[in-house]
Amino acid sequence: MDRYDMEDVVVAPPAECGSPLKEWRLKLQAGTLARSDFIEYFKRESPKYFDYQTGGTETDNNALTREYNLFKCMFKEALAKEEIIDVLVEFMLGDSPASALEKLRLEGNTATVCGKVFKNGEPTYSCRECGVDPTCVLCVNCFKRSAHRFHKYKMSTSGGGGCCDCGDDEAWKKDHYCQLHLANRKNPLESKILTEAVLERAEICFGAILAFCVNYLEIEPNASLQCLEGGNVNDGQLDGAQFCTVLYNDESHTFDQVIQTLTKIAKCRHKDAMEIVAAIDREGRAVVKCDTFKECNDLKTAIENQMIPPSALLSNPRNNQSLRTSVLHIGAVACQQFALQLLGWFQEFLVRHYLFRKTFAELVQRKQEAFCIRHILEYDVKLWKTARTCWHRLLISGMLMEYDNKMVLAQEFSRRYATIVEDFISDDHDHAFSIVSLSVQLFTVPSIAHHLIAHEGIFDKLLHTFYHVAIEKFIQNKTLHFSKNIASLTFFKRANYILYDLRYLLSLKPEVLSNDLRSGFLEGCRALMRVLNVMQGMESITRQTGQHMDYEPEWECAFNLHIKLATTISQVIEWAAGDVKLLRKLYKMSVRALVGNSFIVGAEKSEARSVAGHVANCLMYDVSVKPVSIHLPLTRFYAGIYLHLGAHDMTYDSLQTETEALSSKLTPRGIIEPVLCTHAMIAQVAAGMWRRNGYSLLHQLYFYRNVRCRVEMLDRDIVCLQIGASLMESNEFLIHVLNKFNLIAWAHANYESVLAENPVDDEFMRQLSMIDEFLELLIVIIGERWMPGVSIVTEEDRLRKEIIQLLCTKSYSHSELSRALPDGNGGNSDNIFEDVINTVAVFKKPVGVDSKGVYELKEHLFEEFNVYFYHYTKEDKSKAEELQRERRKAKKQLVCCPPPMLPQLTPAFKSMANILQCNVFLSICTLVMDRALDARSRSFTESHLQKVLHLLGFAIQEELSEHYPFLSFYERSPKYGILEKLEELARCPRLEAHRDFVLWTIKRYKELQAKQAPSDGGAGPSCSQQSAGEEQPLSSEEQASQEKKLRARMVAESRAKIMAQMKSAQKSFMKNHAEMFSASDKESAGEDSSSMATTTTTGAMEWEDIPAETEANVTETNVEDEEEEQGAVALKQNVACLGPERKFYTGSDNNFKCILCFENCAISRSGPPLVSSAFVQTSRVIFTTPQMRASPSALHMSCCGHVMHYSCWQEYYSNEESKEQRRPHRNRVALSPAHNVEFHCPYCRTLSNTVLPVTEALPAFSSASSSSSSDSYLPLDSFAEIMRTQASELAAMKLMELKTLPSVSTILRKSGVVADMALFERSIQLITNPPELHSNYSDVMAFLRKALLNATQSQQPHPKDHPAGTPLDTDSIETVPMLWDTCSYTLQSLEIYLFETQKPLKAELPMRHQSCAINLVRACSRFSASPSLWTNEWQTEFAARLLDTVFNQKGTSVLEWDCFRVLVSFQFGVLNLMAGESGPLTVIPSGSMFDFYILQTMFLAHLTKAVLCFDAAKEQAKRTAETPHAELTQLGYVEQLPTRIRDNMVAFYRRYNIPARVLQRNTQQQLAEERKDEEQVQGQEQTVVIPCEPHHLALLLEYVQRQMSSFLRCACLFYRCLTDVDFPDTFPTDQPDRFELMCQYLGLDAQLGVYFDMETVYATMMHSFASHPHIGREVEERCQPDTVRSLQVEPCLRPLPRLIPLYDDYSDLINSVSDIFCPNNEREEMKTPTMCLICGSILCGQSYCCQPELGKMMVGACTHHAHACGAEVGIFLRIRDCQVVYLGRGKGCFAQPPYLDEYGETDQGLRRGNPLRLCQAAYSRIFLQWLGHGLHEEIARLNDNTNVAVMQWHHM
Ligand SMILES: [Zn+2]
Ligand SMILES: [Zn+2]
Ligand SMILES: [Zn+2]
Ligand SMILES: [Zn+2]
Ligand SMILES: [Zn+2]
Ligand SMILES: [Zn+2]
Ligand SMILES: [Zn+2]
């Protein structure tokens, strides 16, 4: 409380001179203050904040850019806020406005609704359980505090412009308030701060603001002229640079067109033009030039005159217009900019308090003001985008938060509706940028909607407007005919928004209707009738005969109209259903409309037709020659209304009398006739009679039954026919249908004899098909009654039936299912859907990462399957039928698809059941059965029989249900001999396929018989029936199985017979050839010498052998285990691949088949080289951990391992190359100057861009003797000496410019190593006779090196940034180790990949990994021995540096080394650089003793580094935190070490360990300082001793082992490839690689104590590594915490690369970016925030505002980022639309996002809005794809296989 008072004192600023505050206050006191005072002030001040730069003011003065106009203009908003708006606030609120506002906040915001206006892309939440309709949404803040968070919610992103409905009573069924707004309800409406005086001042200010803004914010404001005439002109003449050319947004020009115009005409730089265009798109306009009036006007004319070709056909009439421009005075532009700012601020200000809004609302309601609501609504169209948005937001904040105000706005809105809609239609801005879009805020509030219908006649007004603006002009002859002109489509689309508004308006049905509401509603319905009336029969079609249609007629318009209107029709019927009066009126209205409409039922003649002794007066409308239409909305509306009559005890008849009074009589025939015609047409189409009418008809029929349309089409039509069937006499009804299908003749018994005279032609086949269609329609009319009103069922039952039928065709995932079901009325069906689905189906959770969860129908519900379900397509039907038959077969039921039980009909439809027993029906059934039994019959197909059986099944089951007392099918059936005929059918062999169905029918019939039996009282039938029941005929299935058994038995018998014969024959054969078999007899044990017996015995022996072997194995492994347990130091014999005890290479298979020419090809030294296609890419995958970000990218190589001849490949490649050149480069952009041509492995299609040579195993080159005595080699210390000497020799070579390599003898002499040449040669494995190579081999290597160079190219800094940097020279110091670095990087990433996928070294590698590693290492090794290297001076320099670094402590220290990388370079780059007696040495590294020493050296270096980096305190802490009670594994070992060695270790640790040294120094310093205080003792400095107990050492050794693991694994992989010695069997395949095993394999001593023995060369080398000066410097720097470290320490164990962790809940992720702004534009939120999954940066993706330059190209922010972050590879998550994008070198693809909903489905584009959760498995799949360097491959694969839309990926 007091805090603010203090501020009051301090803050109050003195009234400055120049501040208008004083003046205003004085005037206020005097009572003379007027709005104009403020307006004048705004007008005067705002130009001061408008700033622009033009012409050559830019520093860039070179000739190239001067041609372009450099132009920038901006409005200094921050300053304007401070100097104008803040002053205004101060005037209103008094001194110290800030504290007043704060107090106001604390007093409590009086708004109980949230009303937060959504920005574009902001997340919104709706509740599926509580939302009144789907437009009810919450903002993040409210959602998080509301109960809906725990309900079934749905999320989406706003398109901008909507507002939060929290606190709106009418938006939610329950939980109306979030916690925040619930609290606000208690707040008082009054305020102590906002006194009368404040409000009075506020009123003046508000009025001034509104007047100012209204006046200025028009595209061509009158105010501009005012500025011209007004005082401002004085300070500059007309030709002064006082004007601006402004360019406006429209939707008919593309970005590129505008950019082109700007660069060409306005002479903007391309980059500036892009910025301007982005601004125009964002804000709706931009200033493009500031100059004199003439200049500006010239530009305007130039732009306007520029002919811009129509961009596309579909666009509005404005299409051909030029860009919209205007010339404004600078003052006017400044005022406009300020007005925008003012409005934005004003909107936020109004939110602060109820009383502000009250004042505002009162002001805008004053009709005489220029800023009254009416004017704001109407002048919207004259504004540009941002200006509109500002006003919309102001209205939302000012008028929508209080109910009364909202009502006022709604009323004004509906009164102006016609005008603003017409404006909107002729305008070209998106709906969201029109004031019309406000309707969703107003019409969705039920009470307001109802008020508007009742009192403003809005329902009528909407439809009237729609009729007037959208369809009136298309009416010809009282019916709609849309023209073929597509341009009208755009306009039509815009008009359709009216129908959306209508939908909002009617979305909530009132409980009770007031008289006003009812009459308002009826008025609207009359307008609706008018619309439906012109739609009845629209786009009618006539059967085309003779020739095809000339053109496909327009049909989409009509369907679009239907789709838009269908919801409204359903809604109207829904409203009527609840109100008797309304229903009665609507019924009459629809009857009148139908009678009045003459489509089809007009003036046609009728004739009598008779079937089975019944006569009907049929309408003679021949569908095959007269027009018919799919569109019968009036009839369907009538059907919809009719369904509800029964619920209110009304009937057709009772209402008939009422309507007759109005002289309009609707006969049942009149009701069904149009629908019948349509269905007859559909049947004819199916029969192939409408082939010449083209595709448009087929499309229409598709949509007729499609889920999006059928609710108000097919479904209603069937109801309509059912109405007819219930109102007419059954026989009459059937005759009508038969007549329409032209089947009267067929229904007569003598049809066959008549037919016999006619030929079998097309016409005849059509007839057969028509019969099928007729029977099927009958099945549908009788069977499809899961419709409330027809049967006693609910909407849920209807949905349930639908779902059951769907699940009978297959298992559906949640999304598929919801797509296959019609949208409920207003989306509320969601809940019903969830309830119903769980009662009928079981959800099967997804099994793999790729699969979705699916629903499966509960088993017992398959009984309800109906194969003739009317929503099935043909495919659905056959699929479902097949499944059903299989299912029944498996369950050993009759294999058929019998009809399901039907629900009971309502009283109104009851008489429909009579069809099933009427004479016409029964005679048709018997006719079909008779014809089926008559083998000569021609007018019969099996499908007729199937359908008749289905119908009979209905009849029997209907009577079984006992719902209808009048049914006496059973009684009548004997007259038609139904049972006899059925039984005859069952016996008929021709109809075997239908036997099961017939049997099923008989079974049901007999059940009926049994039921009827008691009433019969007769014993006869029941008796015969029983006996029949006992010996039921076998089903076809049973018969089949019996036959099968029989057949099987017979086969078995005959086989046995034959076998016996053969055996005897064999025996006689054996006897005859006894000598021949005597030899083999010896082996076989038995006397029985049949060949069979022999094989079995040998088989048995084998089986006996195997256990013995395994036993042996077991004992062996046991022994090993024991040995290991003893901790035996002795190495196992021959498991190592290196060192004195190595195992030797034994040779391998070298034969392949070339995949191109299919010839066998063996590797040979002089033969043609073999290659394998490979892919090289720049990579940073293992450098992406935070510590490694600074590392440059490396090259990674992958290879599929398929072998081909180099020459074969060359041919293939040049082919591919030319293909690539011919391909248009539309979807790929080369970002680097030189790129490798990509091709695919001809065999496996793996993406490739180079080749790797395939060579034989390396040890095959050198003849290594296997003498194992260690005396036969030079020792390690000699090796070190030799290397040291060589370093200086090589360096000297460079200094003295010698061209010859130092000779071995010189080196040996200089290094003082006493040895003979043979010893040396043995140690280095010299190759005396270097193999002759095929001449092509060096070509292969050159090609490979070229590819590597090209690949690095793109990652080089661009020449522009580094003027000196030229493209890499093929021979420079950087490129020397390139191949070897590629090798080490590839192996390192392989090691990490294996580790990550938990594969130990021994596990078998996939071929691509194995062959890649082997080929790469062999290539390196072979390359190192190639003569071109010996003469390369860079090579010698590189080697000299390397040796100096390793052995002489020059250059970097161990801390900075990546030891494995050094190892590989060392291995390949040094040994060949010595000269023997007769020229250079040839050494092919393959595991010689020197190779082993190289490994030992690097092992020691790494060991040293690990010991140096060990941090005892940290390790201890980590250990206690993670595994507090675990024992130190190394403690026992440390304790048993000899004291000498342990002391050495301690000494080494104290002397070199960095943390220990730092600690020691620091404590010492501390001590010294303390001592300084105490006494000045100088001489004796007591040394602090860092503790180092055995457990420290144990910790240290554990640490070291862990830190060396990665190095060792890499080394194992490397030497495995180099020596071709396999990993020993003792390596486990199921556990992580162990330190001692790896050491064993590498020939190293795993006992770490050995290395600390001062007497060995090991310790010497470690000391020398550890005493590098850099390390001392590091210690010093660490002592001072603040100093910048100069050393780039490479960690011993690289942290594993990871993708960034993601939020578990997707909505958290969306929310986290909802406030992120584009880095280039602080005012606008990012449109497409895109997250780099490698480093977590959020980028502004695929947007014109962020287009940085890469090289010379403008690219998207993601491409730019990927170039640096992932070395051209990027994985991005587009957050708003939940999509993963892979990018790679200008290409890209979309990948499955790792977020799934509860049904295991992704939601790309957030269309479904289900809550999404992170799926770790899916995320790790992305991770592994990246880690395995598979993204380029994946991108290529996806772009190759699918017809993906061409994307400009580099703009991503
Ligand atoms: Zn809210
Ligand atoms: Zn709220
Ligand atoms: Zn809820
Ligand atoms: Zn070949
Ligand atoms: Zn391949
Ligand atoms: Zn990144
Ligand atoms: Zn941006």
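Source: prediction; values computed, not measured. (Residues numbered from 1 in each chain as written. Chains lettered and ligands numbered in written order. Predicted model: local features only at pLDDT ≥ 70, side-chain atom pairs only at ≥ 80, totals over all residues. Heavy atoms only, no water.)

### Some words on the coordination of the zinc ion (ligand 2)
Convention followed: Here the coordinating atoms are restricted to nitrogen, oxygen and sulfur within 2.8 Å of the metal centre, or 3.2 Å for Na, K and Ca, and because water is not among them the sites may look incomplete.
Ligation of the zinc ion (ligand 2) by protein atoms is provided by C142 (SG), C166 (SG), C178 (SG) and H181 (ND1), these donors lying 1.9 to 2.3 Å from the ion. Summarised as a motif, the one-chain spacing of the donors to the zinc ion (ligand 2) is C-x23-C-x11-C-x2-H.

### Points about the sheet that holds strand β21 (residues 1250–1254)
Put simply, the rule is: Between any two strands, pairing holds if DSSP finds at least two bridges. Numbering goes from the N terminus for both helices and strands, where a helix is a DSSP run of H or I of at least four residues and a strand is a run of E of at least two. Here the axes come from fitting lines to C-alpha atoms, over the contacting stretch only for helices, and the angles between their N-to-C directions go from 0 to 180 degrees.
Read across the open sheet, the 3 strands follow the order β18-β17-β21; overall the sheet is antiparallel. The sheet is open, and its two edges are formed by β18 (1194–1205) and β21, each paired on a single side. Geometrically, the sheet is characterised by an average inter-axis angle of 35 degrees between neighbouring strands, direction not taken into account. When strand β17 (residues 1170–1179) meets β21, the two strands line up antiparallel, connected through 5 bridges. Within the sheet, the bridge partner assigned to S1172 lies in β21 and is L1252.

### Details of the nonpolar core
Definition in use: To form a nonpolar core, buried Ala, Val, Leu, Ile, Met, Phe, Trp, Tyr and Cys residues must be joined to one another through side-chain atoms within 4.5 Å. Categorising residues by exposure relies on relative accessible area from a 1.4 Å probe, with only protein chains included: less than 20% of the type maximum marks a residue as buried, more than 50% marks it as exposed, and the intermediate range marks it as partly exposed. In what follows, residue pairs with any heavy atoms lying within 4.5 Å of each other are defined as contacts.
Counting 308 residues, the largest nonpolar core has L217, W391 and I471 as the members making the most contacts within it. Top element by residues in this core is helix α9 (residues 196–216). It accounts for 14 residues. Residue contacts for I471: discarding those within four places in its chain leaves F466, L480, F482, F492, V531, V534 and L561.

### Thoughts on the packing of aromatic side chains
Put simply, the test is: Aromatic rings from Phe, Tyr and Trp, taking only the six-membered ring of Trp, are treated as a pair when their centres fall within 6.5 Å; an angle between ring planes under 30 degrees marks them as stacked, one over 60 as edge-to-face, and anything in between as tilted. Two limits define a charge over a ring: the Lys NZ or Arg CZ must be within 6 Å of the ring centre, and within 35 degrees of the ring normal.
The tally for this structure, following the rule as stated, stands at 85 aromatic pairs. Aromatic side chains W1209 and Y1213 sit 4.8 Å apart centroid to centroid with 25 degrees between the ring planes, which places their arrangement in the stacked category. Highlighted residues: W1209 and Y1213, both in helix α49 (residues 1206–1222), separated by 4 residues, approximately one helical turn. Seen in terms of ring centroids, F1627 and Y1641 are 5.9 Å apart; in terms of plane orientation they differ by 65 degrees. Their pairing is edge-to-face. With F1627 in the loop between α65 (1605–1619) and α66 (1635–1642) and Y1641 in helix α66, the pair connects residues that are 14 residues apart, well separated along the chain. For the residue pair F1627 and Y1641, the accessibility class agrees, reading buried in each case. Following the ring pairs from residue to residue traces out a cluster consisting of W24, F38, Y41, F42, Y49, F75, F91, F212, Y216 and F338. Across from the ring centre of F862, 3.3 Å away, lies the NZ or CZ of R887, which sits over that ring. It is R938 that lies over the ring of F764; its NZ or CZ is 5.2 Å from the centre.

### Re the environment of L1812
Mapped onto the fold, L1812 is located in the loop between β33 (1795–1796) and β34 (1813–1814). Overall, L1812 belongs to the buried group, its relative accessible area being 1%. Setting aside anything within four residues of it in sequence, one finds L1812 in contact with M155, D1704, D1705, Y1706, C1778, Y1795, L1796, D1797, E1801, D1803 and L1806.

### What about the sheet that holds strand β6 (residues 285–291)?
The strand order across the open sheet built from 3 strands is β6-β5-β7, with neighbouring strands paired in antiparallel fashion. The open sheet has two edge strands with one neighbour each: β6 and β7 (325–329). Pairs of neighbouring strands in the sheet enclose a mean axial angle of 30 degrees, with direction left out of account. Bridge count between strand β5 (residues 243–248) and β6: 6 bridges; the pairing is antiparallel. Bridging from a neighbouring strand, C244 pairs with C290 of β6. Helix-sheet contacts for helix α12 (residues 270–283) involve β5 and β6, and the interaxial angle to β6 is about 130 degrees. Sheet contacts for helix α14 (residues 330–351): β5, β6 and β7; angle to β7, the most-contacted strand, approximately 100 degrees.

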